[in-house]
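Below are the chains, spelled out letter by letter.
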Amino acid sequence: MTPVILVTFAGRQKRMEILTKYIRKAINDGIIDEWHIWDFTRSTQDNEWVTREFGPARYMRPEAPYQLKGSVTARSSFRTNAKIDHDLHIAVLPNGEAENYYEFVVGGWVNTHSVLRSVKPSELNNFAHRNEAAVIWSKSTPGVLSPSLPNQVVLSVDSAGIPTLQVNGVIVGTWPELNLSSGASVMVRGGWGADLELCDVNAPVRRYVGNPNEKLPYWQAYDYYAKRLEKFSSAVFLKCDDDIVYLDIEKLNEFIEFRRANPNYFVVSANVVNNGVCAHFQQLGGTLPDELGHFERPPGGFGGSLWQSAERATQLHDFFLEKNDKHLPLPSKVVEWKERQSINFISWLGKDLLHMALPKGDDEYALTVDLPTFLDRPTAIYADFTVSHLSFGPQEQGLDVDRLINAYDALSSSRL
């Protein structure tokens, strides 16, 4: 099987709701197999929306907060397959009026010990200030977690409400002093340098939770895929910004097949509205009239007058929205490119993850300049697949975002 995987770095609810409609349609139509939502949200409101909208978490970086995984009752055990080297954290939130939560740390202290703590709800995600007085139970558990295979974790509750935890078929502990007869919610995380992958989460749309508050967090996604080259080597990857507000879904599969059939290109970009390099070639191809102004070739492929101007972006969006035919011809069906370009909607091949263990920093420069130069492989823009990108940072102060989002929302409703 050659899966098609879309990767989106999620940040802003209001800008992402339109994209969500297009991608769910593409999944339902069988064009895309998996949608990986990387949660790099910065506000509580956006985080709550992403968590609610995009279902179960598959993967968590070490500093990610607890994520809800399931529940446990006397009739139904909690089970999961957890890939983690050490420090598996399981938080049990008793139903009802419980004063405290319970936190199991399995394989802590470099996979040598496990503990059970009582934790106040307000302190659940305050990991730096665990009170040793809150430890209820401690036990030496050398090698309790396997670094090679997913760990089989089972938390069960008997008819008296007494919980028992098993890991890889071994009973870690049973706690008569706990009463979970009313059932409980179960949350999980990694921690202390250990990331956590829940291998039983295989929903088509799933979340990947990054370390919070990193200035340039995107390396975490590339690092994840590069370390799993064997699993993803046959995939076709799409990566799009969270503020893609139009997508020509009728041409999406054609774009994917072009990507698959042309491995000489390192990345291939869609033909993007509000993208400096694409706008330059759109005007050369006769699409953008002179009345919209001159769209110069951005120096080195970066920046330029469109990138920094809310007024020019607004005029370009309005032109596109009013245009009945959403096709934007370029001078040729495929434009080869050897300079930087914005990666608003791009595609790469899974086999190229061999080269994509990117360091912290500018992923756009790495994918469109550094790696293509090192590998002597050009990038390309594919003319026949059009998407629209809402805004760049310098444009946002003067952009009427609400008006444009409403207009693109109406366009999506008319086409989906």
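Quick caveat, the model's predicted, so the values are computed rather than measured.

1. A look at the overall build of the protein chain
Thought 1: Secondary structure summary: the protein chain contains ten helices and 21 strands in total.
Thought 2: At 24 Å, the protein chain has a C-alpha radius of gyration in line with the 22 Å of a compact globule built from 416 residues.
Thought 3: For the C-alpha atoms alone, the extent of the protein chain along its principal axes is close to 80 × 45 × 35 Å.
Thought 4: A sequence separation of at least 24 residues applies to 74% of the contacts in the protein chain between residues at least 6 apart.

2. Some remarks on the sheet that holds strand E8 (residues 113–119)
Thought 1: The antiparallel open sheet is built from six strands, whose spatial order is E4-E13-E6-E7-E8-E9. Unpaired on one side and paired on the other, strand E4 (67–72) and strand E9 (135–140) mark the two borders of the sheet. When strand polarity is set aside, the average angle formed by the axes of neighbouring strands in this sheet is 20 degrees.

3. Digging into the pattern of salt bridges
Thought 1: Scanning the model with the defined rule gives 25 salt bridges in all.
Thought 2: Note that glutamate 396 is salt-bridged to arginine 15, the shortest N-O span being 3.5 Å. Remark: arginine 15 occurs in helix H1 (residues 13–28) and glutamate 396 occurs in the loop between strand E21 (379–389) and helix H10 (401–415); sequence separation between them is 381 residues.
Thought 3: A relative accessible area of 26% means that glutamate 396 is categorised as partly exposed.
Thought 4: Arginine 206 is the salt-bridge partner of glutamate 34, the closest N and O atoms lying 3.6 Å from each other. Residue glutamate 34 is found in strand E2 (residues 34–39), and its partner arginine 206 is found in strand E15 (residues 205–209); the two are separated by 172 residues along the sequence. Each member of the pair glutamate 34 and arginine 206 is classed as buried.
Thought 5: One network of salt bridges, in which partners are shared, links Arg12, Arg15, Asp242, Asp243 and Glu396.

4. Concerning the nonpolar core
Thought 1: Ile32, Trp35, Leu238, Leu247, Leu252, Phe345 and Phe385 are the most contacted members of the largest nonpolar core, which totals 67 residues.
Thought 2: A total of seven residues in this core trace back to one element, the largest contributor, which is H1.
Thought 3: In this structure, leucine 252 is in contact with Ala26, Ile31, Ile32, Leu238, Leu247, Phe345 and Phe385, ignoring residues within four places of it in sequence.
Thought 4: Counting residues in hydrophobic clusters, the runner-up holds 34 residues, among them Ala64, Ile90, Val153 and Leu178.

5. Side note on the packing of aromatic side chains
Thought 1: This model, assessed by the stated rule, comprises 33 aromatic pairs.
Thought 2: Considering the side-chain rings of tyrosine 59 and tyrosine 224, the 4.6 Å spacing of their centres and the 55 degrees angle between planes classify their relative orientation as tilted. Of this pair, tyrosine 59 sits in strand E3 (residues 57–60) while tyrosine 224 sits in helix H4 (residues 219–226); the two residues are 165 residues apart in sequence, bridging distant segments of the chain.
Thought 3: Judged by centre distance (5.9 Å) and plane angle (45 degrees), the ring pair of tyrosine 222 and tryptophan 348 falls under tilted. Of this pair, tyrosine 222 sits in helix H4 while tryptophan 348 sits in strand E20 (residues 345–349), placing them 126 residues apart in sequence. Assigned by exposure class, tyrosine 222 and tryptophan 348 land together as buried.
Thought 4: Clustering of aromatic rings is evident, with ring pairs tying together Phe9, Trp38, Phe40, Tyr59, Tyr208, Tyr218, Tyr222, Tyr224, Tyr225, Phe232, Phe237 and Trp348.
Thought 5: Above the plane of the ring of phenylalanine 295 lies arginine 312, whose end atom (NZ or CZ) is 4.2 Å from the centre.

6. Regarding helix H9 (residues 363–375)
Thought 1: Among the residues of H9, Asp363, Glu364, Ala366, Leu367, Thr368, Val369, Leu371 and Pro372 are the ones counted as buried.
Thought 2: Buried positions along H9 lie against strand E1 (4–10), H4, E20 and E21.
Thought 3: N-capping of H9 is provided by aspartate 362, with a side-chain oxygen placed 3.1 Å from the backbone N of glutamate 364.
Thought 4: Of the residues trailing H9, aspartate 376 is marked for its positive phi of about 55 degrees.

7. Here's the deal with the pairing of strand E12 (residues 170–174)
Thought 1: Bridge count between strand E11 (residues 163–167) and E12: four bridges; the pairing is antiparallel. Note on E12: the bridge partner recorded for threonine 164 is threonine 174.
Thought 2: In sequence, E11 turns back onto E12 through a hairpin of two residues, with asparagine 168 there showing a positive phi of about 55 degrees.

8. A short note on the side chain of asparagine 211
Thought 1: Tracing the backbone shows asparagine 211 in the loop between E15 and H4.
Thought 2: In terms of polar contacts, asparagine 211 uses its side chain to reach the backbone amide nitrogen of glutamate 63, at 2.8 Å.
Thought 3: If we skip the residues at most four places from it in the chain, asparagine 211 touches Arg61, Pro62, Glu63, Ala64 and Gln220.

9. A short note on the packing of H1 against H10
Thought 1: Orientation of H1 relative to H10, taken along the N-to-C sense of each, is 10 degrees, at an axis distance of 10 Å. Between H1 and H10, the angle falls in the class roughly parallel. The residues of H10 that touch H1, namely those facing Lys14, Arg15, Ile18, Lys21 and Tyr22, are Val401, Asp402, Ile405, Tyr408, Asp409, Leu411, Ser412 and Ser413.
Thought 2: Of the residues in the contact of H1 with H10, the class split is six nonpolar, two polar and five charged.

Parameters at a glance
Residues numbered from 1 in each chain as written. Predicted model: local features only at pLDDT ≥ 70, side-chain atom pairs only at ≥ 80, totals over all residues. Heavy atoms only, no water. Helix = DSSP H or I, 4+ residues; strand = E, 2+ residues; numbered from the N terminus. Rg over C-alpha atoms; globule rule 2.2 N^0.38 Å. Contact = heavy atoms within 4.5 Å. Pairing = 2+ DSSP bridges. Axes fitted to C-alpha atoms, helices over the stretch in contact; angles between N-to-C directions. Salt bridge = Lys/Arg side-chain N within 4 Å of Asp/Glu carboxyl O. Buried < 20%, exposed > 50% of the residue type's maximum accessible area, 1.4 Å probe, protein only. Core = buried A, V, L, I, M, F, W, Y, C linked by side-chain atoms within 4.5 Å. Phe/Tyr/Trp six-rings, centres within 6.5 Å; stacked < 30°, edge-to-face > 60°. Lys NZ or Arg CZ within 6 Å of the ring centre and 35° of its normal. Polar contact = N/O pair within 3.5 Å; in protein donor to acceptor, adjacent residues only side chain to side chain. Parallel < 35°, antiparallel > 145°, perpendicular 65-115°, else oblique. Nonpolar A, V, L, I, M, F, W, Y, C, P; charged D, E, K, R; others polar.

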